[in-house]
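Below are the chains, spelled out letter by letter.
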Amino acid sequence: MNNAQTSDMIFTQPVVYEFRVRKMPVLLIIGTRDRTAIGKNLVKDTTIRDKMGQYQLLGKETQKKIPGSQLVELDNVGHLP
C-alpha cells in the first residue's frame, strides 16, 4: 500500500512548487549515492536527463526551497537510507 501511495504521488502530484509553503519543521534525509529518477530513461533531452537523480545536488537545492528545513546527507548511501 505504501509503495502504491508513493508511486501515485510521484506520477500525479508535482509537489516541488509547494516546498516554499511548508509551515512545519522539515528534516530531509538523503543518501548522496542515490540516483533514483523514475522516467529518466524516457527523457530525450540529455541536459535534463543528466541532472535527474543527482541527490547530492538536489538535496541542497530542495533545502533552500523549504524555509527553516534541515538536511542530513548520508555519505556513500543510496536510495531509501
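Residues numbered from 1 in each chain as written. Predicted model: local features only at pLDDT ≥ 70, side-chain atom pairs only at ≥ 80, totals over all residues. Heavy atoms only, no water.

Here we look at the overall build of the chain
Our working definition: Here a helix means four or more residues in a row that DSSP labels H or I, a strand means two or more in a row labelled E, and each is numbered from the N terminus. When accessible area is computed with a 1.4 Å probe and restricted to protein chains, residues below 20% of their type maximum are described as buried, those above 50% as exposed, and intermediate ones as partly exposed. Using a 1.4 Å probe, the Shrake-Rupley method yields the accessible areas, and only the shown protein chains count as cover for residues. Counting rule applied: Lys, Arg positive; Asp, Glu negative; His and chain ends not counted. In this description, the location of a charge corresponds to atom NZ of lysine, CZ of arginine, CG of aspartate or CD of glutamate.
A count of helical and extended segments in the chain gives 3 helices and 2 strands. Ordered by position from the N terminus, the helices and strands of the chain form the series α-β-α-α-β. For the chain, the C-alpha atoms occupy an extent of roughly 35 × 30 × 25 Å along the three principal directions. Per-residue burial over the chain gives 17% buried out of 81 residues. Surface summary for the chain: the accessible area is close to 6,400 Å², and the carbon and sulfur share equals 57%. Treating the 12 positive side-chain charges of the chain as one cloud and the 8 negative ones as another, the clouds have centres 3 Å apart.

What to know about the layout of surface pockets
What counts, and what does not: Two kinds of site are reported from a 1 Å grid over the protein atoms alone, namely cavities, where a 1.4 Å probe fits but cannot get out, and pockets, open sets with protein on both sides within 12 Å along at least five of seven lines, and residues are called lining when an atom falls within 4 Å of a point. Grid points are joined across faces, edges and corners, and a volume is the space filled by probe spheres set on the points. For this scheme, ten residues count as nonpolar: Ala, Val, Leu, Ile, Met, Phe, Trp, Tyr, Cys and Pro. Four count as charged, namely Asp, Glu, Lys and Arg, and the remainder, Gly too, count as polar.
Each pocket or cavity is described by its volume, and for the largest pocket that value is around 1,300 Å³. Taken together, 29 residues make up the lining of the largest pocket; nearest its centre are M9, I10, F19, T36 and Y55. Contributing elements (two or more residues each) for the lining of the largest pocket: α1 (2-12), β1 (27-31) and α3 (55-65). The leading source of residues in the lining of the largest pocket is α3, at 6 residues. Here the lining of the largest pocket is built from residues that sort into 16 nonpolar, 10 polar and 3 charged.

A closer look at unusual backbone geometry
Not every positive phi belongs to a glycine, and N76 is a case in point at roughly 60 degrees. Accessibility expressed as a relative area gives 61% for N76, which makes it exposed.

Describing the pattern of salt bridges
Let me state the cut-off plainly: When a carboxyl oxygen of Asp or Glu lies within 4 Å of a side-chain nitrogen of Lys or Arg, that pair is called a salt bridge.
This model, assessed by the stated rule, comprises 1 salt bridge. With a shortest N-O distance of 2.7 Å, E73 and K60 are connected by a salt bridge. Of this pair, E73 sits in strand β2 (residues 70-74) while K60 sits in helix α3; the two residues are 13 residues apart in sequence, bridging distant segments of the chain. The exposure class assigned to K60 is partly exposed, which follows from its relative accessible area of 39%.

A word on the environment of I29
Under the convention used in this document: By the convention used here, residues are in contact when the closest approach between their heavy atoms is within 4.5 Å.
Position of I29 among the secondary structure elements: in strand β1. Along the chain, I29 and L58 lie 29 residues apart, while their C-alpha atoms are 12 Å from each other. Those residues in contact with I29, other than ones at most four positions away along the chain, are V72, L74 and P81.

Considering the confidence of the model for the chain
Cut-off, in case you're wondering: Confidence of the prediction at every residue is given by pLDDT, a number between 0 and 100.
Mean pLDDT over the chain works out to 89, with 99% of the residues at or above the 70 mark. Here α1 stands out as the least confident element of the chain, with mean pLDDT 80; β2 is the most confident, with 97.

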